[in-house]
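Listed below, chain by chain, are the residues.
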Amino acid sequence: MRGRARCRQVPRSPAGRAGSGRALGLDLSAPMLARARESARREDIGNATFEQGDAQVHTFAPGAFDVAISRFGVMFFADPVAAFANIGRALRPGGRMAFVCGAEAGRNEWLQAIAALRDILPMGDFGAPGSPGMFSLADPDRTSAVLSAAGFEHIDTARVEALGTWGQGADDAAAFLLDSGPGRHLTSRVGQELQDRARRTLTDTLRPHEQPGTLRLRSTAWLVTATRPE
Ligand SMILES: C[S@@+](CC[C@H](N)C(=O)[O-])C[C@H]1O[C@@H](n2cnc3c(N)ncnc32)[C@H](O)[C@@H]1O
C-alpha cells in the first residue's frame, strides 16, 4: 500500500511516554518546579504531579514506582548511598533507575570555557575529578560502588556525547554561563571589575564555537542504569 507516512509526535517527557501511568516530579527548587509545571501544561501532560522536596530523604510511597529517572540531579547528594537507598525503597522489586550525570570535566567544552577564568574567579577545585557537586559521580567505579551499597544491581554505565545549544552567539552563551548555576555562584564572590573581565574573557573563549545564529558546545555524560533486586 502506498501513501504518506503518518508522522507521530513522540512525547518528550517521561510522563508523556508513560501512557496510562502516572509520574511524580520532585525537585528542591521552586523555580525549577514552576518551569516543569509550565512545560507539562504546554505539552498537555495530565498524568504528572510535582512536589518540592529533597530526594535524599523524601518520604516516597514504598515500592510505588516502576522507574526513577533523573537528568543531572543526583550528583548533588551529600550522602549518595543513603539518598539512592531512599530512591530504591520507592521502586517496586525489579523496578529500574536511570540517570545522566556529568562525566569527565575535560570532555565538556562549557567547563573548559569556564576553566579559562581560573585566574579571574575563585574556582577552587571546581570541576576537578571527584570534587563535590556536578562531577561527584564522574568515576563509574565509584558510582557502581555507591549504587551497590545502596542496594541496586545490574549497574551499567554508558557514555553519552552530544552537541548542545548554549546561546545565539558568544555574548549570549557567556551571559547564560555566568548568570546561572556555577557561573553565578563564582561571579557573586568577586567585584564588578573582575565580573566584567570574566565576561569579556569567556566571550572571547567561546567565539571560535560560534556558527551563524547559534553557539554549540560538546558535552559528555554518563547514562547510568540499575535495578532494584526482585
Ligand atoms: C543541573 S539541574 C537539572 C535540572 C533538570 N533535571 C534538567 O535537566 O533541566 C539540577 C537539579 O537538581 C535539583 N536537586 C539537587 N539536589 C536535589 C535533591 N537532593 N533533591 C531534589 N532535587 C535536587 C536542583 O534543585 C536542580 O533543579
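Residues numbered from 1 in each chain as written. Predicted model: local features only at pLDDT ≥ 70, side-chain atom pairs only at ≥ 80, totals over all residues. Heavy atoms only, no water.

Where helix H6 (residues 170-179) contacts helix H8 (residues 192-206), the axes come no closer than 8 Å and their chain directions differ by 130 degrees. Between H6 and H8, the angle is such that the two are oblique. Taken as a pair, H6 and H8 cross one another with a handedness that is right-handed. Note on element contacts: H8 touches H6 through Ala198, Arg199, Leu202, Thr203 and Leu206, opposite Ala170, Asp171, Ala173, Ala174, Ala175, Leu177, Leu178 and Asp179. The class makeup of the residues in the contact of H6 with H8 is nine nonpolar, one polar and three charged. (Axes fitted to C-alpha atoms, helices over the stretch in contact; angles between N-to-C directions. Helix = DSSP H or I, 4+ residues; strand = E, 2+ residues; numbered from the N terminus. Parallel < 35°, antiparallel > 145°, perpendicular 65-115°, else oblique. Left-handed = near helix turned anticlockwise from the far one by under 90°. Contact = heavy atoms within 4.5 Å. Nonpolar A, V, L, I, M, F, W, Y, C, P; charged D, E, K, R; others polar.)

Bringing the packing of aromatic side chains into the picture now. Scanning all chains against the criterion turns up six aromatic pairs. Judged by centre distance (5.4 Å) and plane angle (75 degrees), the rings of phenylalanine 77 and phenylalanine 84 are edge-to-face. For phenylalanine 77, a relative accessible area of 14% puts it in the buried group. Counting every residue linked through ring pairs, the aromatic cluster contains Trp110, Phe135, Trp166 and Phe176. (Phe/Tyr/Trp six-rings, centres within 6.5 Å; stacked < 30°, edge-to-face > 60°. Buried < 20%, exposed > 50% of the residue type's maximum accessible area, 1.4 Å probe, protein only.)

Even without glycine at this site, aspartate 44 takes up a positive phi of about 60 degrees. Tracing the backbone shows aspartate 44 in the loop between helix H2 (30-42) and strand E2 (48-52). Residue class for aspartate 44 comes out exposed when judged on its relative accessible area of 70%. At phenylalanine 72, a position not held by glycine, the phi torsion is positive, near 60 degrees.

Before going further, it helps to examine the site of the ligand. Taken together, 13 residues form the shell around the ligand, and within it Asp27, Asp54, Ala55, Arg71 and Phe72 come nearest. One of the backbone N or O atoms of leucine 28 is found 3.2 Å from a nitrogen atom in the ligand. At a separation of 2.5 Å, an oxygen atom of the ligand approaches a polar side-chain atom of arginine 71. Along the lines of polarity and charge, the residues of the shell around the ligand split into six nonpolar, four polar and three charged. (Near = heavy atom within 4 Å. Polar contact = N/O pair within 3.5 Å; in protein donor to acceptor, adjacent residues only side chain to side chain.)

Of all residues in the chain, 92% attain a pLDDT of 70 or more, and the chain-wide mean is 90. Overall, residues 1-8 carries pLDDT values under 50, and its contacts beyond four positions in sequence, including any with other chains, amount to zero contacts. (pLDDT = per-residue confidence, 0-100.)

One pass over the full model with this rule turns up eight salt bridges. In this structure, glutamate 38 and arginine 42 form a salt bridge, with 4.0 Å as the shortest nitrogen-oxygen distance. Taken together, the residues span about one helical turn, with glutamate 38 and arginine 42 both in helix H2 at a distance of four residues. Judged by relative accessible area, glutamate 38 falls into the partly exposed class, the value being 34%. Salt-bridge contacts for glutamate 104 lead to arginine 159; the nearest nitrogen and oxygen are separated by 2.8 Å. Placement of glutamate 104 in the loop between strand E4 (91-102) and helix H4 (109-115) and of arginine 159 in strand E5 (residues 153-167) is noted, with a sequence separation of 55 residues between them. Here the salt bridges share partners, and the residues they tie into one network are Glu38, Arg41 and Arg42. (Salt bridge = Lys/Arg side-chain N within 4 Å of Asp/Glu carboxyl O.)

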